Amino acid sequence: MAAMLHRRGWIFFTLLGMAGLLALTACMTPERADREAGEAGTRLATAYWQAQTGCTNTFDVSRPSEALTLRLALMAVARGDEGVVFPEIPNVEAVVVDDVWRLSLADALNVAARNDRQYQRLKEDIFRTALDLDSQQFLFETSFTGLLLGWLSGNTDSSRSAEASGSAGVGFRRQFENGSVIMGNLALDVAHLLRNDWHSIGLTGDLTMTIPLLRGSGRDVVREPLTQAERNLMYAIRRFEHYRQTYMVTVTSGFFDVLKCARLLRNAQDNETFLTDNNKRATMMFEEARMRSIEADQAHSDLLSASEGVVSARRYYEERLDVFKLTIGLPPESRIELDALELDTLQQAIEGAANEGTGGERMFPDEPDACALALAQRLDLSIVYDALGDAERQLKVAADALRADVALRGTARSSQVRTSDDSRFSGRDNWGTGIDMDLPWNRRRERNNYKRQLIAVEQAKRNIEEQEDVIKAAVRNGLRSLAAAEAAYKIQVAALHVAEKRVQSNTLFMELGLSSMRDVLEAQSALLRVQNNLCAAVIAWHISELELRRDMGTLVISETRLWRPMETLIEGVREDNG
């Protein structure tokens, strides 16, 4: 008999061990959690991303793998390492010349999108809000629970038998969008006396359904957390797209700012070269008694000032280049240079637009249409608009919370038992229905929350008014800035022709003795100033146009173009306005 008890005990513990192993295999491992959460977040983010932007790409929250590799390569080159291999970056065709990475504007924009930390942070915000949405969706899905217990007990009194018992249960819960909740449980209890083979099996099942009649009974009220999670994901995507537009303008502005500093450095070096030759000429003419000493000293003094200007221009260029490296997420010691042909190409395009009369304000609608277009296209304004809808929905939820808790409840329960002495299960079934009621005797918290939501609605309305005014002011200022930039460019072009003629004529007259050295130096100084101003005017025209497009919300970042055709957008706005 003792051997039988020992054998049955081992059987019981074997079954219990198998059940424990099954429970362990059902656990969520960190690797599985990472994989499944990644799949869920990517699925939701991609669906909403494509719906909001119209693109067909899959949303990818991970940081590009080449970002760290590029950083290590640039730092290795800065240390003087040999044989450094730069990673291949999609849509980046930068070349390496003497260990210097040369970037075009398109290259800089693509590198920035892969290295900027704020860019990556906003992508992660999208993914986090997608996970929040997944959690809210789960609340309206059927959830299951399970329980498995086993126990072996005995007594030192030999007259009593050792007992093995166990229980298993499974339950489910489902909430519907109208507020109804249905819950069910099924339990199995087993007891076995190991000595005399007496056993008992019990089955218990219950089902409960609750239907709210007042507070918490509306579909909009019940779905509000899910609705807000959906809108939060849309807002995160819009904030990211708006940042892409502003960041594109920031990178472009920084790119041409560096090229402007490089052009100023080149102009300063050309000025130094001219003044070096002029100083030699003045020295020769002084030795030939054709020039006074004071004029020769003036030539030498201006040459020294020009040399100092070259040093200052080089320092400023290197400072702005370091700032640009940080803007696009590269280490400051990176050995990079920007393609100067971009500035030459831009200058040719600006010159062509000015000569043909196709640039500037003519590329944009008049002020009323421009403001209407901005109000229709700005992504950040659309978030402010929708925030009013959020506040109004939450006001309805707050009003619903003031009502009484009244719910219709129905239950059904069945309990069945079968022992070794019985040939079949026996037990009873019962059911019940009733109304649960909690009258709103104390709703102070809900009352205060309702008042807060009333204030929130009014604040949302004022935010819309403020944001609309700010955007319209930005568009009006952008149109003025663009007109001023075009006028400044034309003035500097004319001034350049005058300055070049002035330098040529004064140099010739000085050699003929008809002009003084002061006249030559003043003409050369004016030429340098006009050259610098013309370069700044070209860039200011282009940046003013980009900033106006950004303020109007018409910048569209893509691999083939930076914005949609303006005419198409204007026609759409006019149709919407009737």
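About the criteria used
Residues numbered from 1 in each chain as written. Predicted model: local features only at pLDDT ≥ 70, side-chain atom pairs only at ≥ 80, totals over all residues. Heavy atoms only, no water. Helix = DSSP H or I, 4+ residues; strand = E, 2+ residues; numbered from the N terminus. Buried < 20%, exposed > 50% of the residue type's maximum accessible area, 1.4 Å probe, protein only. Contact = heavy atoms within 4.5 Å. Areas by Shrake-Rupley, 256 points an atom, 1.4 Å probe, with all protein chains shown as cover. Axes fitted to C-alpha atoms, helices over the stretch in contact; angles between N-to-C directions. Parallel < 35°, antiparallel > 145°, perpendicular 65-115°, else oblique. Left-handed = near helix turned anticlockwise from the far one by under 90°. Nonpolar A, V, L, I, M, F, W, Y, C, P; charged D, E, K, R; others polar. Phe/Tyr/Trp six-rings, centres within 6.5 Å; stacked < 30°, edge-to-face > 60°. pLDDT = per-residue confidence, 0-100. Disulfide = S-S within 2.5 Å. Core = buried A, V, L, I, M, F, W, Y, C linked by side-chain atoms within 4.5 Å. Expected span 1.5 Å × (residues − 1). Pairing = 2+ DSSP bridges. Polar contact = N/O pair within 3.5 Å; in protein donor to acceptor, adjacent residues only side chain to side chain.

## Brief notes about the overall build of the chain
Counting its regular elements, the chain contains 13 helices and 9 strands. Within the span of the chain, comprising 578 residues, buried residues form 38% of the whole. Across the chain, every contact between residues at least 6 apart in sequence was considered, and the portion connecting residues at least 24 apart equals 74%. Total accessible area computed for the chain in this model is approximately 32600 Å², and 54% of it derives from carbon and sulfur atoms.

## Considerations on the packing of helix α5 (residues 117-138) against helix α6 (residues 219-287)
α6 packs onto α5 with a crossing angle of 170° between their chain directions and a minimal axis gap of 8 Å. Between α5 and α6, the angle falls in the class roughly antiparallel. For the element pair α5 and α6, the recorded crossing hand is left-handed. Looking at the contact of α5 with α6, its residues break down into 14 nonpolar, 5 polar and 6 charged.

## Quick look at the packing of aromatic side chains
Counted under the stated rule, the structure contains 8 aromatic pairs. Centre to centre, the rings of tryptophan 49 and phenylalanine 240 are 5.6 Å apart; their planes meet at 40°, and the pair counts as tilted. Of this pair, tryptophan 49 sits in helix α2 (residues 30-53) while phenylalanine 240 sits in helix α6, and the two are 191 residues apart along the sequence. For phenylalanine 240, a relative accessible area of 2% corresponds to the buried category.

## Description of the confidence of the model for the chain
Per-residue confidence for the chain gives a mean pLDDT of 83; residues scoring 70 or more make up 85%. At the low end of the mean pLDDT range in the chain sits helix α13 (residues 566-576), at 46; at the high end sits helix α10 (residues 379-400), at 94. Low pLDDT (under 50) marks residues 1-13, which in the prediction has 12 contacts with non-local residues, meaning those over four places away or in another chain. Across residues 559-574 the pLDDT falls below 50, and counting only partners more than four positions away or on other chains, this stretch makes 33 contacts in the model.

## Some remarks on the state of the cysteines
Evaluation of the coordinates by the stated rule reveals 0 disulfides. Of the cysteine sulfurs around cysteine 261, a residue in no disulfide, the closest is that of cysteine 535, at 8.9 Å.

## What to know about the nonpolar core
Counting 95 residues, the largest nonpolar core has Trp101, Ile126 and Val475 as the members making the most contacts within it. With 20 residues, the top contributor of residues to this core is α6.

## Observations concerning helix α7 (residues 293-327)
The first and last C-alpha atoms of α7 sit 51 Å apart over 35 residues, in line with the 51 Å expected at 1.5 Å per residue. Turning to α7, its buried residues number three or more, namely Glu295, Ala296, Gln298, Ala299, Leu303, Ala306, Val310, Ala313, Tyr317, Leu321, Phe324 and Lys325. Among the structural elements, α4 (105-115), α6, β7 (336-338) and α12 (517-552) are those in contact with the buried residues of α7. Within two residues after α7, glycine 329 carries a phi angle of roughly 80°, on the positive side.

## Structural notes on the environment of leucine 548
Counting through the fold element by element, leucine 548 comes out in helix α12. Looking at leucine 548, the relative accessible area reads 0%, which means it is buried. For the pair leucine 548 and leucine 479, spaced 69 residues apart in sequence, the C-alpha separation works out to 7.0 Å. If we ignore the near neighbours within four places in the chain, the residues touching leucine 548 are Phe364, Val475, Gly478, Leu479 and Leu482.

## Here's the deal with the sheet that holds strand β1 (residues 95-97)
Ordered in space as β1-β2-β7, the 3 strands form an open sheet in which the pairing is mixed. Looking at strand neighbours, the two that pair on one side only are β1 and β7, the edges of this open sheet. Within the sheet, the average angular offset between the axes of one strand and its neighbour, ignoring direction, is 35°. Sheet topology note: the β1/strand β2 (residues 100-103) ladder contains 3 bridges and is antiparallel. Opposite valine 97, over in β2, you have valine 100 as the bridge partner.

## So, the side chain of arginine 244
Structurally, arginine 244 is set in helix α6. Within the local environment of arginine 244, its side chain forms a polar contact with the side chain of tyrosine 119, the two groups lying 3.3 Å apart. Sequence-distant contacts of arginine 244, that is, excluding residues within four places in its chain, are made with Trp49, Tyr119 and Ile557.

## Thoughts on the environment of glutamine 492
Relative to the assigned elements, glutamine 492 resides in helix α11 (residues 444-511). When the C-alpha positions of glutamine 492 and asparagine 533 are compared, they lie 6.7 Å apart, and in sequence the two are 41 residues distant. Filtering out sequence-adjacent residues up to four positions away, glutamine 492 remains in contact with Val530, Asn533, Leu534 and Ala537.

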